[in-house]
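Listed below, chain by chain, are the residues.
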Amino acid sequence: VMRRNPFGMDICCRKGSRSPLQELYNPTQLSNTAILHQIRRDQVTDTCRANSVSSRKRRVLTPNDLKHLVVDEDHEMIYCYVPKVACTNWKRVMMVLTGRGKYSDPMEIPANEAHVSSNLKTLNQYSIPEINHRLKNYMKFLFVREPFERLVSAYRNKFTQKYNTSFHKRYGTKIVRRQRKNATQEALRKGDDVKFEEFVAYLIDPHTQREEPFNEHWQTVYSLCHPCHIHYDLIGKYETLEEDSNYVLQLAGVGNYLKFPTYAKSTRTTDEMTTEFFQNISSLHQMQLYEVYKLDFLMFNYSVPSYLKLE
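In this text, all values refer to a predicted model and were calculated from it rather than measured experimentally. (Residues numbered from 1 in each chain as written. Predicted model: local features only at pLDDT ≥ 70, side-chain atom pairs only at ≥ 80, totals over all residues. Heavy atoms only, no water.)

Participant: Explain the pattern of salt bridges here, please?
Facilitator: Taken as a whole and judged by the stated rule, the model has 15 salt bridges. One salt bridge in this structure joins Asp-46 and Arg-49, with 4.0 Å as the shortest N-O distance. Remark: Arg-49 and Asp-46 occur in helix H2 (residues 32-50); sequence separation between them is three residues, near one turn of the helix. According to the relative accessible area criterion, Arg-49 is exposed, its value standing at 59%. Residue Glu-211 pairs with Lys-174 through a salt bridge whose shortest N-O separation is 3.7 Å. Here Glu-211, found in helix H11 (residues 206-211), pairs with Lys-174, found in helix H8 (residues 165-179); they are 37 residues apart in sequence, far enough to count as distant. Assessed through its relative accessible area of 13%, Lys-174 is described here as buried. Bridged by salt links that share partners, the residues Arg-170, Lys-174, Arg-178, Asp-205, Glu-211 and Glu-212 form one connected network. (Salt bridge = Lys/Arg side-chain N within 4 Å of Asp/Glu carboxyl O. Helix = DSSP H or I, 4+ residues; strand = E, 2+ residues; numbered from the N terminus. Buried < 20%, exposed > 50% of the residue type's maximum accessible area, 1.4 Å probe, protein only.)

As C-alpha cells, then:
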C-alpha cells in the first residue's frame, strides 16, 4: 500500500511495525520536534533551489562521492559523517547498532577504533541498484555545526596538537612553504607551527582548490554529504546534539536501550574561541573564507557571525 503523507512524500506502509521514516513523516503525535526537522529540511531544499546553478554543477553522484555515508542495514539508516561534528561518537553508536551484539556501550569503543574504515560499511561499497534502493528507502541523517566554529575546531585539533605529525607533514609543510615568507628550514621540514592566519590563506588560495579536494576535516558539509542530491530526512545540529541524536535513536526504535553518549569536553571549541581566532584575519580574507563556506551557512541556517568585518 502506498499512501501520501502530509509532507508529500511517499512512504510504503509495512504491516505491524512502523518504519523510522513513517514515524518521522507521519508522527503518531505531531510534535514540535517533527515540525522543527521539517523546517530544517525545507531550508536545505530552498537553498539548493536558490543556488541551483552553483550547487548542481555535478549532476550525477558517483560511488566515490558516497564514502561518508555509513549504512546500518538492521535499522535501515544511513548516516553521513562530518568530521568535527561529534562524528567519533556517532561512529561509535553506529558500531553498536550494526555490531549485532558485539558492542553495547559506545564509550567502550576506543576512538581510534571508531575511525577504522572496515568497522563500518559505507554506501560506496554497494552496487548501483543497491545504492539506489537504500537511498530511497532508508532514513538518512547528518549532523552539522556552525561552519567557522567547525573550522577552528579542525585547526586546533590538527595543527596545534603535537601528536598530529601526519597532518603537520602532509599539510603543515605545504602551508608554511606557500604562506610564510622567510620560513626557517625547521618549519619547512616539520610544519608543526602553522598559524591560523596561514591556514585561512591556504584555504582561500585558488591554487589549493585546484590542486586537490579539501581534507575532510575542513571540507564543506555540502561537498561531503551532497545535500542537494541526497534528500536527508533528519538534520541534527551540534548545538542541540543530545536532543537531536536521541531523537534519531528513538525513531530507529532503539531509544529505550541506547542513549547518545554525553560528556562535557573542557577543550571544546566555543563561539568565544572562534571569535578570538578571527580577530587577526583581515576583512578581505574573512569575506573570501565566508564565500567558501557560504552554502553551509545558508543551507543549515547559520547567520553570518557578528565578529566578521564584512565590508
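Participant: When you look at the state of the cysteines in this model, what are you seeing that I'm missing?
Facilitator: When the sulfur atoms of two cysteines share a covalent bond, that bond is a disulfide. All told, the structure shown has two disulfides when counted by the stated rule. A sulfur-sulfur separation of 2.0 Å characterises the disulfide bridge that pairs Cys-48 with Cys-228. Its S-S torsion of approximately -90° makes the covalent link between Cys-48 and Cys-228 left-handed. Of this pair, Cys-48 sits in helix H2 while Cys-228 is found in the loop between helix H12 (221-225) and strand S7 (234-237), placing the two residues 180 residues apart along the sequence. What pairs with Cys-80 in a disulfide is Cys-225, and their sulfur atoms sit 2.0 Å apart. (Disulfide = S-S within 2.5 Å.)

Participant: Any chance you could explain the packing of aromatic side chains here in plain terms?
Facilitator: Ring pairs (aromatic) are described by centroid distance and by the angle formed between their planes. Under the criterion given, the structure shown has 24 aromatic pairs. Between Phe-141 and Phe-143, the aromatic rings sit 6.3 Å apart at their centres with planes inclined by 90°, giving edge-to-face as the arrangement. Across the pair, Phe-143 and Phe-141 agree in class, each one buried. Summarising the aromatic geometry, the rings of Phe-148 and Phe-278 are spaced 4.7 Å apart at their centres and angled 20° between planes, so their arrangement reads as stacked. On the criterion of sequence distance, the pair formed by Phe-148 in helix H7 (residues 147-159) and Phe-278 in helix H14 (residues 271-278) is long-range, its members being 130 residues apart. By relative accessible area, Phe-278 is classed as buried at 1%. In this structure, Lys-91 packs its charged tip against the face of Tyr-81, placed 3.8 Å from the ring centre. The lysine or arginine in question, Arg-145, covers the ring of Tyr-238, its NZ or CZ lying 4.0 Å from the ring centre. (Phe/Tyr/Trp six-rings, centres within 6.5 Å; stacked < 30°, edge-to-face > 60°. Lys NZ or Arg CZ within 6 Å of the ring centre and 35° of its normal.)

Participant: Which parts of the structure should I look at to understand the packing of H2 against helix H15 (residues 283-299)?
Facilitator: For any two helices packed against each other, one specifies the inter-axial angle together with the distance between the axes. With their axes 8 Å apart at the nearest point, H2 and H15 run at an angle of 140° to one another. Judged by the inter-axis angle, H2 sits oblique to H15. Two secondary-structure elements touch here, H2 through Gln-43, Val-44, Thr-47 and Cys-48 and H15 through Leu-295, Leu-298 and Met-299. Of the residues in the contact of H2 with H15, the class split is five nonpolar, two polar and no charged. (Axes fitted to C-alpha atoms, helices over the stretch in contact; angles between N-to-C directions. Parallel < 35°, antiparallel > 145°, perpendicular 65-115°, else oblique. Contact = heavy atoms within 4.5 Å. Nonpolar A, V, L, I, M, F, W, Y, C, P; charged D, E, K, R; others polar.)

Participant: For this particular structure, what's the right way to read the environment of Glu-23?
Facilitator: Locating Glu-23 in the fold gives a position in helix H1 (residues 20-25). Taking the C-alpha atoms as reference, Glu-23 lies 9.7 Å from Gln-250; in sequence the two are 227 residues apart. Leaving out residues up to four positions away in the same chain, Glu-23 has contacts with Arg-18, Thr-28 and Leu-251.

Participant: Just checking my understanding: could you explain the nonpolar core for this structure?
Facilitator: For soluble globular proteins, nonpolar side chains are generally found buried alongside one another. Ranked by internal contacts, the top residues of the largest apolar core, which has 90 residues, are Trp-90, Phe-148, Phe-199 and Trp-218. Of all the elements, helix H4 (residues 87-98) adds the most residues to this core, at seven residues. Each of domain 1 (20-146 + 219-267) and domain 2 (148-217 + 269-294) accounts for three or more of the residues forming this core. Not counting chain neighbours up to four residues away, the residues in contact with Trp-90 comprise Tyr-79, Phe-141, Phe-143, Ser-245, Val-248, Leu-249 and Phe-260. (Core = buried A, V, L, I, M, F, W, Y, C linked by side-chain atoms within 4.5 Å. Domains from an automatic or database assignment.)

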